[in-house]
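Reading the structure
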Amino acid sequence: MGYEWLALAAAFLWAVASLLSVVPAQHLGTFAYSRWRMGCTSVILGTMALFTGGWASVETSAISAMMLSGVIGIFIGDTALFACLNRMGPRQAGLLFSCHAVFSALLGYFLFSETMTSMELIGSALVFSGVLTAIFFGRRGQANNHLESIKGNIWIGVALGLVAALCQALGGIIAKPIMQTAIDPVAASAMRMMTAFVAHCVFFLSGARLARATKPMNAKIFSITAINGFLAMAVGMTLILYALQQGNVGMVALLSSTTPIMLLPILWIYSGKRPNRFAWLGAIVAVVGTGILVS
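Residues numbered from 1 in each chain as written. Predicted model: local features only at pLDDT ≥ 70, side-chain atom pairs only at ≥ 80, totals over all residues. Heavy atoms only, no water.

An unreviewed UniProt entry annotates the chain as Membrane protein originating from Vibrio galatheae.

1. Comments concerning the side chain of Asn228
Mapped onto the elements, Asn228 comes out in helix 8 (residues 219-246). A distance of 2.6 Å separates the side chain of Asn228 from the side chain of Arg37, its partner in a polar contact. When sequence neighbours within four positions are dropped, the list of residues in contact with Asn228 reads Ala17, Leu20, Ser21, Tyr33, Arg37 and Met233. (Helix = DSSP H or I, 4+ residues; strand = E, 2+ residues; numbered from the N terminus. Polar contact = N/O pair within 3.5 Å; in protein donor to acceptor, adjacent residues only side chain to side chain. Contact = heavy atoms within 4.5 Å.)

2. Observations concerning the nonpolar core
A general trend in soluble globular proteins is that nonpolar side chains are found buried together. By size, the foremost hydrophobic cluster in this structure holds 43 residues, and its most contacted members are Met66, Met179, Ile183, Leu244 and Val252. For this core, the elements supplying multiple residues, two or more each, are helix 1 (3-28), helix 2 (30-52), helix 3 (60-97), helix 6 (154-179), helix 7 (185-205), helix 8 and helix 9 (249-256). Per-element tally for this core: the top contributor is helix 8, with nine residues. Beyond its immediate chain neighbours, meaning those up to four positions away, Val252 contacts Tyr3, Ala7, Ile240, Ala243, Leu244 and Gly247. (Core = buried A, V, L, I, M, F, W, Y, C linked by side-chain atoms within 4.5 Å. Buried < 20%, exposed > 50% of the residue type's maximum accessible area, 1.4 Å probe, protein only.)

3. Some details on the side chain of Thr195
As for its position among the elements, Thr195 is in helix 7. Overall, the relative accessible area of 12% leaves Thr195 in the buried class. At 2.8 Å, the side chain of Thr195 forms a polar contact with the backbone oxygen of Met191. Once you skip the residues sitting within four places of it in the chain, Thr195 turns out to touch Met67 and Val71.

Here's what the structure looks like:
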């Protein structure tokens with residue numbers, strides 16, 4: 001499977017996971033939810049790497065880079081994303097998070113001298129334009145949809161979403177050189193996740209009020225959190241690392257930024273409210289751009 005399809009598969013899993021995150025993230029609070037989610041995912045990935053022998057591929061020189069990638073991309077980035085999701089809902093948080101494609105492309109250009117063909121540039125522009133159209137104009141006619149409501153100061157939500165996007169891009173940039181070696185992507189993903197989980201635990205043990213759960217964990221919330229972690233982090237992030245082995249950072253980021261488009265039909269099924277014509281127009285434009293990239 002080409003890296004394009006791996007990135008698109010990750011985007012779909014992130015779309016499903018973002019919807020699954022709404023209830024547990026609001027129940028536990030941003031930091032507590034992220035901590036539980038990363039803990040579950042660390043166990044899953046660590047066990048997978050153990051059974052597949054992936055840990056044997058990890059060289060000492062790769063550990064520090066993957067740990068730094070985990071702290072920036074997952075501990076800070078993921079936590080900021082869920083804080084944004086709690087304030088702005090999955091679609092609007094998805095719009096802001098999709099900016100990681102732009103950040104990744106710019107960082108890839110300046111740091112790795114990555115280039116794109118003229119057709120790839122056209123396809124990339126269509127993908128990002130479609131994402132912006134689908135999310136930004138897609139709120140019209142959705143006033144009674146609780147998944148579209150904004151809580152608190154909108155600019156704080158915007159800032160959190162952009163921080164999440166920038167951290168995602170930086171995490172990918174840091175991981176890129178390591179992923180071009182013989183390291184196993186599952187083991188690499190496990191290292192990133194475990195580092196982020198340890199950082200969350202340290203923050204919790206510091207006694208910070210933000211780290212406490214707003215409501216106690218229960219069996220239902222734990223089940224959703226574990227499934228979410230498996231889909232988005234154990235599978236989704238590992239697919240991204242596989243994609244980074246084959247493709248450049250900008251292209252992988254652009255394709256994985258189609259998550260908000262994939263959310264449209266999922267949200268329609270979940271909420272029963274059909275997205276408006278601007279949302280579908282954006283989806284069509286993004287699909288055309290994705291087709292150009294994949295072909």
